[in-house]
Protein chains: 2
Amino acid sequence: MQAVLVDQLRKANRRITVQRMQVFEGVKGLDSHPSALEVFEAVKPRLPSISLATVYRNLHILRLEGLLREIHCDRGITRFDSNLSEHYHFHCTSCQRVSDVPSYSREIERSFSEKTGLHISGHHLTFQGLCNDCLKVEPSR
Amino acid sequence: MQAVLVDQLRKANRRITVQRMQVFEGVKGLDSHPSALEVFEAVKPRLPSISLATVYRNLHILRLEGLLREIHCDRGITRFDSNLSEHYHFHCTSCQRVSDVPSYSREIERSFSEKTGLHISGHHLTFQGLCNDCLKVEPSR
DNA sequence: CCCTTACCGATAAAAGTTCTCAATAGCATG
DNA sequence: CATGCTATTGAGAACTTTTATCGGTAAGGG
Ligand SMILES: [Zn+2]
Ligand SMILES: [Zn+2]
Ligand SMILES: [Zn+2]
Ligand SMILES: [Zn+2]
């Protein structure tokens, strides 16, 4: 299992450590696009001796190797995403949870690139709103 | 000048101070969507005694009153935008500058809301790429 | 001109992230 | 399986970005 992950790490001359695997599993297990601290707290029960610095270090490495993605929705927080397929996001402005939106349009990039002549490497689309849970609690706004 | 700004502040029981006006002018003058520190450095020559805390305080208040907007592109940095009209952004992944993209589609929200049944209050679209300046310097990638 | 209080500057504190370093452990090699 | 090289770890310091605290100041209404 996780053959792709292990192969990719080996190829990049990265070692397969328990901490690194657990950090990856931590992000993958939490489908809510967790922050570094949330990953730390998810991994800690299984690996009580792990350091927060190790979590940050491995999140950084896994992103460098293209095994995780970063997203920026809130102020001052970096969130991590194990879903590498092209997709958009929905950010609940009340509970701050981020969920995937399974749609994507490469046409948006092509159209923008054609209009401006700029070199485009990607685009992020994020919807803001209230999730169904939060809509029940505060029907205001 | 700045009649709308002054009226809006008065209406909200906010005082018109030199610092507050200069912070607003600082964001407006820098069309690059500056960070709080960049605003501070832009204002300092005109108001050498201003404190960084005052810049943060007023950016926060101006956003609360709907006179500025926040955007989140980089890791851990909040940028400010004086352009209140609906528009998208282009983020250069090399020099980190953010520029406006004068297009917007409310249809995207309607379509998403219809598909998912979720309550949408807005959406952000950001393109990543290399600006023309950076493309000259590093034609790689 | 005076009074109330929102605001200011300075600084400490909090939150998020990265750096430093000695000790450890992957893993290639034999 | 034993050995050696070095990437990685844990702990804590340091750094960056943002917010809170507080005594003094000044905006603006009366
Ligand atoms: Zn919610
Ligand atoms: Zn996602
Ligand atoms: Zn650039
Ligand atoms: Zn803008």
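Higher on the page you've got the structure.
Let us look at the structure shown here. No experiment lies behind these values; they were computed from the predicted model shown.

## As for the overall build of chain A
Here is step 1: The helix and strand tally for chain A stands at six helices and five strands.
Here is step 2: Beginning at the N terminus, the succession of helices and strands in chain A can be written as α-α-α-α-β-β-β-β-α-β-α.
Here is step 3: Long-range contacts, defined here as pairs at least 24 residues apart, represent 48% of the contacts in chain A between residues at least 6 apart.
Here is step 4: When the accessible area of chain A is evaluated, it comes to approximately 8000 Å², of which 52% is carbon and sulfur surface.
Here is step 5: Each charge class in chain A was averaged separately, 19 positive and 16 negative side chains, and the resulting centres sit 6 Å apart.

## A look at the protein's contact with DNA strand C
Here is step 1: Taken together, 22 residues lie near DNA strand C, and Ile-16 and Tyr-56 of chain A together with Arg-20, Thr-54 and Arg-75 of chain B sit nearest.
Here is step 2: Protein-adjacent atoms of DNA strand C, using a 4 Å cutoff, are sugar or phosphate at a proportion of 69%.
Here is step 3: Between DNA strand C and the protein, one listed contact pairs a base nitrogen with a side-chain N or O atom of Arg-15 of chain A at 2.8 Å.
Here is step 4: Taking Ile-16 of chain A, its main chain carries an N or O atom lying 2.7 Å from a phosphate oxygen of DNA strand C.
Here is step 5: Of all the secondary-structure elements, those providing two or more residues to the surface near DNA strand C are helix 4 (52–64) of chain A together with helix 2 (18–29) and helix 4 (52–64) of chain B.
Here is step 6: Per-class residue counts for the surface near DNA strand C are six nonpolar, eight polar and eight charged.

## Side note on the pattern of salt bridges
Here is step 1: With the rule as written, the count across this model stands at 18 salt bridges over all chains.
Here is step 2: In this structure, Glu-107 of chain A engages Arg-110 of chain A in a salt bridge whose closest nitrogen and oxygen atoms are separated by 3.1 Å. Within this pair, Glu-107 of chain A and its partner Arg-110 of chain A are both found in helix 5 (residues 106–116), separated by three residues, close to a single helical turn.
Here is step 3: Under the relative-accessibility criterion, Glu-107 of chain A is labelled partly exposed at 43%.
Here is step 4: A salt bridge links Glu-114 of chain B to Arg-110 of chain B, with the nearest nitrogen and oxygen atoms 3.0 Å apart. With Glu-114 of chain B and Arg-110 of chain B both in helix 5 (residues 106–116), this residue pair falls four residues apart, about one helical turn.
Here is step 5: Taking the relative accessible area as the measure of exposure, Arg-110 of chain B reaches 44% and is therefore partly exposed.
Here is step 6: Through salt bridges with shared partners, a single network forms among Glu-38, Asp-74 and Arg-79 of chain A.

## What about the coordination of the zinc ion (ligand 4)?
All names here are of chain B.
Here is step 1: For the zinc ion (ligand 4), every protein donor is listed as His-33 (NE2), Asp-81 (OD), His-87 (NE2), His-89 (NE2) and Asp-100 (OD), and the spread of their distances is 2.0 to 2.2 Å.
Here is step 2: Here the donor residues of the zinc ion (ligand 4) share one chain and are spaced in sequence as H-x47-D-x5-H-x1-H-x10-D.
Here is step 3: Using a relative accessible area of 3% as the deciding quantity, one classes Asp-81 as buried.
Here is step 4: For His-87, a relative accessible area of 6% translates into the label buried.

How each quantity is defined
- Residues numbered from 1 in each chain as written.
- Chains lettered and ligands numbered in written order.
- Predicted model: local features only at pLDDT ≥ 70, side-chain atom pairs only at ≥ 80, totals over all residues.
- Heavy atoms only, no water.
- Helix = DSSP H or I, 4+ residues; strand = E, 2+ residues; numbered from the N terminus.
- Contact = heavy atoms within 4.5 Å.
- Areas by Shrake-Rupley, 256 points an atom, 1.4 Å probe, with all protein chains shown as cover.
- Lys, Arg positive; Asp, Glu negative; His and termini not counted.
- Charge placed at Lys NZ, Arg CZ, Asp CG, Glu CD.
- Near = heavy atom within 4 Å.
- Polar contact = N/O pair within 3.5 Å; in protein donor to acceptor, adjacent residues only side chain to side chain.
- Nonpolar A, V, L, I, M, F, W, Y, C, P; charged D, E, K, R; others polar.
- Salt bridge = Lys/Arg side-chain N within 4 Å of Asp/Glu carboxyl O.
- Buried < 20%, exposed > 50% of the residue type's maximum accessible area, 1.4 Å probe, protein only.
- Donors = N, O, S within 2.8 Å, 3.2 Å for Na, K, Ca; no water.

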